[in-house]
Amino acid sequence: MTTTVAPPTGASPQAPRRRRRLAGGPAGGRSRDAVLLVLPALLPIVIFSVYPLVQGILLGFTDARAGYNLPINFNGIDNYTKLGGNALFWNSFGIGLLWAFSVTILQFLASLGLALLLNLNLRLRWLARTLALVPWAMPPVIIAIMWRLMLNPSYGPINQALRGLGLPSDINWLGNASIALPAVIVVGVWAGMPQTTITLLAGLQNVPTELHEAAAIDGASTWRRFWHITLPALRPVIVAITTLDLIWNFNSFALVFVLTAGGPGGTTMLPMLFAYNEAFRYGNFGYAASMGNVMVVVIAIFLFLYLRGQMRSRNA
């Protein structure tokens, strides 16, 4: 005979819930511990990245100028109204977009070819991979100085090589308005190739070899295997690295500043150089900050449209 014991009359039906809440107590403590562990890494980001960014955005709405003890007044959108009619700035913005997209596209194509080569089972492959990283280890200022020497019209090795081949050898690569920007783009491609190459090489090594072997058995050519297997597998890596490259290239400063300082005749005047001159040559800090804010908004719009297009093509 089975006897069922009824619960005491005073027992609360909420007791199991209280026990569950109490059991969740240590989890809440673990969350607090995790926050405390992350805080030392988070504080430098907030202090050195987020805070200056907010200050720069606010500065774009003031009339801040260089000078000792000058008052700073809020002037609303005056800087942006003035900037809307600044043809020189918008010209530099167009040069910046041309520079950023040209360098990013050429850099990707050259890096993809180099990554495919380095992915082959060749002798001394380790040495080639090491040498491919050399430009990455060099500061942009050193790269710019090195290329200024190489492109020197009088004693640069590039013109010397052209002279040895019997070709025109008096080319002023960085002083001629018609070829200065293409020359700087070539330098930008060379300087940015290592990180793109290594990223693509890492993606290539994650492509299953079984798919290539099966496609080869079915009679697929090398080009068809690359187009239908390698590229689709690399798509997430390609989207990530080209997005980052576009941001880095658009925000380039040191390389072009040392190479040409925006010349000749403003043909290589990137928007970052234009804002730098406005701030530190003419002392218009608020106006220069408004230029930076416009650059951030416009590049964010471009990136949003680009990433949305990539996501749509991926889901199609």
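Student: Can you walk me through the overall build of the protein in this structure?
Tutor: Looking only at helices and strands, one finds 13 helices and zero strands in the protein. Residues classed as buried in the protein amount to 33% of the 316 residues present. Accessible surface, the protein as shown: approximately 19600 Å² in total, 68% of it carbon and sulfur.

Student: Quick question: what am I supposed to make of helix α12 (residues 271–281) here?
Tutor: Each full turn of the α-helix corresponds to 3.6 residues, which orients residues three or four apart in the same direction. Buried within α12 are the following residues: P271, L273, F274, A275, N277, E278 and A279. Note on α12: the residue one or two positions beyond its end, G283, has a positive phi of about 75°.

Student: So what exactly am I meant to see when it comes to unusual backbone geometry here?
Tutor: Trans is the common state for peptide bonds, and a negative phi is the common state for residues other than glycine. Cis geometry marks the peptide bond from G263 to P264; its omega dihedral reads -5°. Checked against the element boundaries, P264 lands in the loop between α11 (254–259) and α12. In this model, N69 sits at a positive phi of 60°, which is unusual for a non-glycine residue. On the secondary structure map, N69 appears in the loop between α2 (25–59) and α3 (78–84). Unlike most non-glycine residues, A261 shows phi in positive territory, near 55°. Overall, the relative accessible area of 41% leaves A261 in the partly exposed class.

Student: What is the right way to read the nonpolar core from this model?
Tutor: Proteins that are soluble and globular tend to have nonpolar side chains buried together. Of all hydrophobic cores here, the largest spans 37 residues; its most connected members are F89, W99, V187, F250, L255, L259 and M291. The set of elements that each furnish at least two residues to this core consists of α4 (87–118), α6 (140–150), α8 (180–204), α10 (222–250), α11, α12 and α13 (285–315). Among the elements that take part in this core, α8 stands out by supplying eight residues, more than any other. Beyond its immediate chain neighbours, meaning those up to four positions away, W99 contacts V184, I185, G188, N249, S252, L255, V256 and L270. Grouped together as the second largest cluster of nonpolar side chains are 13 residues, A132, L200, L204 and I238 included.

Student: How should I be thinking about the packing of α6 against α8 in this particular structure?
Tutor: What describes two packed helices is the angle between their axes and the distance between those same axes. The geometry of α6 relative to α8 is characterised by a closest axis approach of 11 Å and an angle of 135° between their N-to-C directions. One finds that α6 runs oblique with respect to α8. In this structure, α6 meets α8 at a crossing whose hand is right-handed. Contact residues: I143, M146 and W147 in α6; V187, W190 and A191 in α8. Here the contact of α6 with α8 is built from residues that sort into six nonpolar, no polar and no charged.

Student: Would you mind showing me how to read the environment of Y287 here?
Tutor: Among the secondary structure elements, Y287 is positioned in helix α13. Separated by 12 residues in the primary sequence, Y287 and A275 place their C-alpha atoms 8.4 Å from one another. In this structure, Y287 is in contact with N79, K82, L83, N86 and E278, ignoring residues within four places of it in sequence.

Student: Is there a simple way to explain the packing of aromatic side chains in this structure?
Tutor: Remark: the centre distance and the inter-plane angle together describe each pair of aromatic rings, the angle taken between the planes. Taken as a whole, this structure holds 14 aromatic pairs when the rule is applied. On the basis of an interplanar angle of 40° and a centroid distance of 5.3 Å, the ring pair of Y276 and F280 is categorised as tilted. Of the two residues, Y276 and F280 are both situated in helix α12; the distance of four residues between them amounts to about one turn of the helix. Y276 sits in the partly exposed class, given a relative accessible area of 31%. Put simply, the rings of F89, W90, F93, F250 and F274 touch in pairs and so form one group of aromatic residues. The cationic tip of K82 hangs over the ring face of Y287; the distance from NZ or CZ to the ring centre is 4.4 Å.

Student: Please explain the environment of G262 as it appears in this structure.
Tutor: Along the chain, G262 turns up in the loop between α11 and α12. Between the C-alpha atoms of G262 and A180, which are 82 residues apart in sequence, the distance is 9.7 Å. Among all residues touching G262, those that are not within four sequence positions of it are V256, T267, T268, M269 and L273.

Student: Help me understand the confidence of the model for the protein, please; the structure alone is not making it clear to me.
Tutor: Low pLDDT means the predicted atomic positions in that stretch should not be read closely. Residues at a pLDDT of 70 or more form 90% of the protein, whose mean pLDDT is 84. Across residues 15–24, confidence stays below pLDDT 50; counting only partners more than four residues off in sequence or on other chains, it has one contact.

Here is what the cut-offs are and how they apply
Residues numbered from 1 in each chain as written. Predicted model: local features only at pLDDT ≥ 70, side-chain atom pairs only at ≥ 80, totals over all residues. Heavy atoms only, no water. Helix = DSSP H or I, 4+ residues; strand = E, 2+ residues; numbered from the N terminus. Buried < 20%, exposed > 50% of the residue type's maximum accessible area, 1.4 Å probe, protein only. Areas by Shrake-Rupley, 256 points an atom, 1.4 Å probe, with all protein chains shown as cover. Core = buried A, V, L, I, M, F, W, Y, C linked by side-chain atoms within 4.5 Å. Contact = heavy atoms within 4.5 Å. Axes fitted to C-alpha atoms, helices over the stretch in contact; angles between N-to-C directions. Parallel < 35°, antiparallel > 145°, perpendicular 65-115°, else oblique. Left-handed = near helix turned anticlockwise from the far one by under 90°. Nonpolar A, V, L, I, M, F, W, Y, C, P; charged D, E, K, R; others polar. Phe/Tyr/Trp six-rings, centres within 6.5 Å; stacked < 30°, edge-to-face > 60°. Lys NZ or Arg CZ within 6 Å of the ring centre and 35° of its normal. pLDDT = per-residue confidence, 0-100.

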